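So you can see what is in the structure, the chains are spelled out below.
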Amino acid sequence: MKRKVALAGALLVALRCGAADDAAREIRINQVGFAPAAQKIAVVPDGAATGFSVIDSAGKTVLQGKLGAPAVWEASAEQVRLADLSPLKTAGSYRLRVDGLADSAPFTVAESPYKTLNAASIRAFYFNRASIALTPEFAGVYARAAGHPDDKVLVHASAASSTRPTGTVIASPKGWYDAGDYNKYVVNSGISTYTLLAAYEHYPAYFGQQSVKLPESGNGIPDILNEALWNLDRMLSMQDPADGGVYHKLTNLSFDGVVMPDQARTPRYVVQKGTAAALDFAAVMAVASRVMAPYEAQRPGLSARMLAAAEAAWKWAKANPARSYQQPADVFTGGYGDKSLADEFAWAAAELYISSGKGGYYAAFSEDQARLDTPGWGNVRTLGWISLAHHLQRLGPEADRARIAAGITALAGQLRTEWNSSAYKVAMKKSDFVWGSNAVALNQGMVLLQAYRLNGPADDLRAAQSALDYVLGRNATGYSFVTGFGARSPMHPHHRPSEADKVAAPVPGFVVGGPQAGQQDKAGCRKPYQSALPAKSYLDEHCSYASNEVAINWNAPLVYLSAGLDALTH
Ligand code: G3I
Ligand code: 9MR
């Protein structure tokens, strides 16, 4: 009751401010487009109108329909109606028209509507590569000198061991910069690299024919794997060969300034071995060992080396099961600290089981009885279930196939229920608006696609489509959150190269973190956030690292979902 009163109050305030808040009176729609067979939903602010029209590029009305009943979305305190344009199946460019409102942003209907977006979202990883010059041939106006060679990295006191005392110099070149900063964190590399590898495992035909235009293109390895290898190679060097332990991160002591990578010259350190890093490393190397097995000719011995590295990291984690990351007093960069490690154990065990076939790993996986949840950098349980579900047919007799399928189905069911009753028809609810909320939406989409692949109900595919629609414009801010895609996309992401490179447009293909009410960066921003409501609390300014940064773990599910929807929508 109390909650309802509060919500009604918030809605009143929102409605009163409505005239000044132009964004609140806009039609929200996926600004990129849809496949002919896809469900096509738009969100319309509630007003006098009860119907809608779709107009083609020649101004002709090609579809008319009725708006749904008004409903309130708690996350944005808006009263909206849905327009369902799904009968629109002819290829073309269109706008949605509703009396009393401006026409919507243009959107297309086309086969494989996310082909360009998908390639760009993979190229974003290329743009974030450490230790390599980006040449005009591959990077166009975003060409830049090489930064952070990381061929001489110091062992920080927190990571010292008898064979590698404080100040020992090691090499750990390559890899991706984590985000808008220039550091490299193993935990966040875990889910990011996994998600690219999973995309390939699940949609090999899609990626097999794709050319992303990378320096390695044409070497006989699909480009998505070429890109993943840039990070896998460097992850391998984050393992201490003496004991199998894995350093948590490779970092400066403090964040670099807003400069191009080659201008950032502070010393770099490997910091503290940790259980989460070891287990995320083990999981990813186990996946990579099976994905790379067919490429023995291109990378001899790599697959076997990866599996051995994964098993060594697992052993270290079993011997050191509770080493949560504790930021040393002289280190001020990203934390990625995580105190609950049961999910990391379960994920690594699942991947090691699939890749090695050893039943002991399945037993270790089964020790974890917790419920599945939407994946995130610190919530990796479901990733193991996704892999097990994908490989169901090749699992040994110890695997409980029914349980594996039921776990995925149940999680997707919760998301579908939320989607079905949501005023915006998205699975995102108020509590999902955390730092990196756009990745919550994308990861929800990834989970929903698993249930669709397992069971085939059309609503799972529709709910997954809605997750991408949300990120591409059907949200309460009116932005398509991917740089370079849609009529209104972020122009000032918290991304050091985009800010420092003197090119007006930001580096394309990156999804920004998205709205969340924390506003942790507010003190350093001269412009105010547009709203304090969770789904509207977004600021397209470089200062806004809490709503407008980019990150590899947010881009990876964009790669996954855009490919999956292209591959599965027929
Ligand atoms: O753990 C609590 C949870 O109990 C609570 O329910 C929830 C409510 O908001 O908060 C949870 O903590 C959050 C934590 O992430 C775990 O999700 C914090 O509020 C939130 O501030 C924290 O944000 C992280 C942020 O770094 C600040 O540490 C983001 O997840 C993480 O993606 C982000 O990562 C940074 C790297 O450190 C540095 N590189 C850039 C990257 C992206 O911004
Ligand atoms: O640039 C940093 C970004 O990558 C991180 O996600 C964020 C949170 O850890 O911190 C940013 O750095 C800011 C620092 O935390 C506070 N001073 C301003 C920095 C941004 O320029």
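All values derive from a computational prediction rather than experimental measurement. (Residues numbered from 1 in each chain as written. Chains lettered and ligands numbered in written order. Predicted model: local features only at pLDDT ≥ 70, side-chain atom pairs only at ≥ 80, totals over all residues. Heavy atoms only, no water.)

**What to know about the overall build of the chain**
Now for step 1: Of regular secondary structure, the chain possesses 16 helices and 13 strands.
Now for step 2: On C-alpha atoms alone, the chain measures out to a radius of gyration of 23 Å, which is about the 25 Å that the 2.2 N^0.38 rule sets for 570 residues.
Now for step 3: With the C-alpha coordinates of the chain rotated into their principal frame, the extents come out at 75 × 55 × 55 Å.
Now for step 4: Taken over 570 residues, the chain has a buried fraction of 61%.
Now for step 5: Counting only carbon and sulfur atoms, one obtains 56% of the accessible surface of the chain, whose full area is about 20700 Å².
Now for step 6: Each charge class in the chain was averaged separately, 54 positive and 50 negative side chains, and the resulting centres sit 2 Å apart. (Helix = DSSP H or I, 4+ residues; strand = E, 2+ residues; numbered from the N terminus. Rg over C-alpha atoms; globule rule 2.2 N^0.38 Å. Buried < 20%, exposed > 50% of the residue type's maximum accessible area, 1.4 Å probe, protein only. Areas by Shrake-Rupley, 256 points an atom, 1.4 Å probe, with all protein chains shown as cover. Lys, Arg positive; Asp, Glu negative; His and termini not counted. Charge placed at Lys NZ, Arg CZ, Asp CG, Glu CD.)

**Comments concerning the pairing of strand β7 (residues 92-97)**
Within a regular strand, the side chains alternate between the two sheet faces.
Now for step 1: When strand β3 (residues 51-56) meets β7, the two strands line up antiparallel, connected through 4 bridges. Across the sheet, the residue bridging to Val54 is Leu96, located in β7.
Now for step 2: Where β7 meets strand β8 (residues 107-109), 3 bridges bridge the pair, whose relative direction is antiparallel. The residue of β8 that forms the bridge with Tyr94 is Phe107. (Pairing = 2+ DSSP bridges.)

**Here's the deal with the site of ligand 2**
Now for step 1: Taken together, Asp181, Phe255, Trp435, His494, Arg496, Tyr545 and Glu549 are the residues near ligand 2.
Now for step 2: Measuring from an oxygen atom of ligand 2, one finds a side-chain N or O atom of His494 at 2.7 Å.
Now for step 3: Side-chain polar atom of Glu549 to an oxygen atom of ligand 2: 2.6 Å apart, as the coordinates give it.
Now for step 4: For ligand 2, the accessible surface in isolation is 450 Å², of which the surrounding protein chains cover 59%.
Now for step 5: When its residues are assigned to classes, the shell around ligand 2 shows 3 nonpolar, 1 polar and 3 charged. (Near = heavy atom within 4 Å. Polar contact = N/O pair within 3.5 Å; in protein donor to acceptor, adjacent residues only side chain to side chain. Nonpolar A, V, L, I, M, F, W, Y, C, P; charged D, E, K, R; others polar.)

**Describing the side chain of Thr483**
Now for step 1: Within the secondary structure, Thr483 sits in the loop between α14 (458-471) and α15 (496-500).
Now for step 2: Polar contacts involving the side chain of Thr483 include one to the main-chain carbonyl oxygen of Val507, which spans 2.8 Å.
Now for step 3: In contact with Thr483, other than residues within four places in its own chain, are Ser489, Pro490, Pro493, Pro506, Val507, Pro508, Gly509 and Phe510. (Contact = heavy atoms within 4.5 Å.)

**Quick word on the state of the cysteines**
Covalent bonding between the sulfur atoms of two cysteines defines a disulfide.
Now for step 1: Scanning the entire structure with this criterion turns up 1 disulfide.
Now for step 2: Each sulfur of the disulfide joining Cys525 and Cys543 lies 2.1 Å from the other. The sign of the S-S torsion, about 115°, decides the handedness of the disulfide formed by Cys525 and Cys543: right-handed. Remark: Cys543 occurs in the loop between α15 and α16 (552-568) and Cys525 occurs in the loop between α15 and α16; sequence separation between them is 18 residues.
Now for step 3: Residue Cys525 is classed as buried on the basis of its relative accessible area, which comes to 11%. (Disulfide = S-S within 2.5 Å.)

**Let's talk about the packing of aromatic side chains**
Now for step 1: Scanning all chains against the criterion turns up 23 aromatic pairs.
Now for step 2: Summarising the aromatic geometry, the rings of Tyr203 and Tyr560 are spaced 5.4 Å apart at their centres and angled 65° between planes, so their arrangement reads as edge-to-face. Highlighted residues: Tyr203 in the loop between α4 (186-202) and α5 (204-208) and Tyr560 in helix α16, separated in sequence by 357 residues. The same class applies to Tyr203 as to Tyr560, namely buried.
Now for step 3: Ring centres of Tyr479 and Phe481 lie 6.5 Å apart, and the angle between their planes is 15°; on these two criteria the pair is classed as stacked. Phe481 matches Tyr479 in its accessibility class, with the two residues each being buried.
Now for step 4: In this structure, Arg129 is placed above the aromatic ring of Trp230, and the distance from its NZ or CZ to the ring centre is 4.6 Å.
Now for step 5: Over the ring of Tyr479 we find Arg488; its NZ or CZ atom is 5.5 Å from the centre of that ring. (Phe/Tyr/Trp six-rings, centres within 6.5 Å; stacked < 30°, edge-to-face > 60°. Lys NZ or Arg CZ within 6 Å of the ring centre and 35° of its normal.)

**Notes on the site of ligand 1**
Now for step 1: Near ligand 1 the following residues occur: Asp178, Ala179, Asp181, Tyr185, Gly334, Gly335, Tyr336, Trp377, Trp435, Gln520, Glu549 and Trp554.
Now for step 2: Isolated, ligand 1 exposes 790 Å² of accessible area, and the fraction of that covered by the protein chains is 51%.
Now for step 3: Among the residues forming the shell around ligand 1, the class breakdown is 6 nonpolar, 3 polar and 3 charged.

**Details of the packing of α4 against helix α7 (residues 275-292)**
Now for step 1: Running from N to C, α4 and α7 point in directions that differ by 20°, and their axes come no closer than 9 Å. On the basis of the axis angle, α4 is roughly parallel to α7. When the axes of α4 and α7 are compared, the crossing they make is left-handed. Along its contact with α4, which presents Val186, Val187, Gly190, Thr193, Tyr194, Leu197, Tyr200 and Glu201, the element α7 presents Ala276, Ala277, Asp280, Phe281, Val284, Val287, Ala288, Arg290 and Val291.
Now for step 2: Here the contact of α4 with α7 is composed, by residue class, of 12 nonpolar, 2 polar and 3 charged. (Axes fitted to C-alpha atoms, helices over the stretch in contact; angles between N-to-C directions. Parallel < 35°, antiparallel > 145°, perpendicular 65-115°, else oblique. Left-handed = near helix turned anticlockwise from the far one by under 90°.)

**Some words on the sheet that holds β8**
Now for step 1: Spatial ordering of the open sheet is given by β1-β8-β7-β3-β4, a layout of 5 strands whose pairing is mixed. Either end of the sheet is taken by a strand with one partner, and the two such strands are β1 (33-34) and β4 (61-66).

**Overview of the confidence of the model for the chain**
Now for step 1: In this model, the chain carries a mean pLDDT of 95, and residues with pLDDT of at least 70 account for 96%.
Now for step 2: pLDDT under 50 marks residues 1-20. Its contacts with residues more than four places away, or in other chains, come to 10 contacts. (pLDDT = per-residue confidence, 0-100.)

**Things to note about the side chain of Asn548**
Now for step 1: Its location among the elements puts Asn548 in the loop between α15 and α16.
Now for step 2: Discounting residues that sit within four places of it in the chain, Asn548 has contacts with Pro490, His492, Pro493, His494, Val512, Tyr538, Leu539, Asp540 and Glu541.

**Focus: the pattern of salt bridges**
Now for step 1: In total, this model carries 23 salt bridges according to the counting rule given.
Now for step 2: Between Glu26 and Arg488 there is a salt bridge, with its nearest N and O atoms 2.8 Å apart. Taken together, the residues span a long stretch of sequence, with Glu26 in the loop between α1 (2-16) and β1 and Arg488 in the loop between α14 and α15 at a distance of 462 residues.
Now for step 3: Its relative accessible area of 24% is what places Glu26 among the partly exposed residues.
Now for step 4: Note on Arg488: relative accessible area 31%, which makes it partly exposed.
Now for step 5: A salt bridge links Arg299 to Asp233; its shortest N-O distance comes to 2.9 Å. Placement of the pair is Arg299 in the loop between α7 and α8 (302-319) and Asp233 in helix α6 (residues 223-236), with a sequence separation of 66 residues.
Now for step 6: Since its relative accessible area comes to 27%, Arg299 is described here as partly exposed.
Now for step 7: The buried category is assigned to Asp233, whose relative accessible area is 17%.
Now for step 8: Through salt bridges that share partners, Arg129, Glu216 and Glu227 make up one connected network. (Salt bridge = Lys/Arg side-chain N within 4 Å of Asp/Glu carboxyl O.)

**Regarding the environment of Arg381**
Now for step 1: Structurally, the position occupied by Arg381 is in helix α11 (residues 381-390).
Now for step 2: When its relative accessible area of 9% is taken as the criterion, Arg381 is described as buried.
Now for step 3: Sequence-wise, Arg381 and Ala199 are 182 residues apart; in three dimensions their C-alpha atoms are separated by 17 Å.
Now for step 4: Of the polar contacts made by the side chain of Arg381, one reaches the side chain of Asp368; its length is 2.6 Å.

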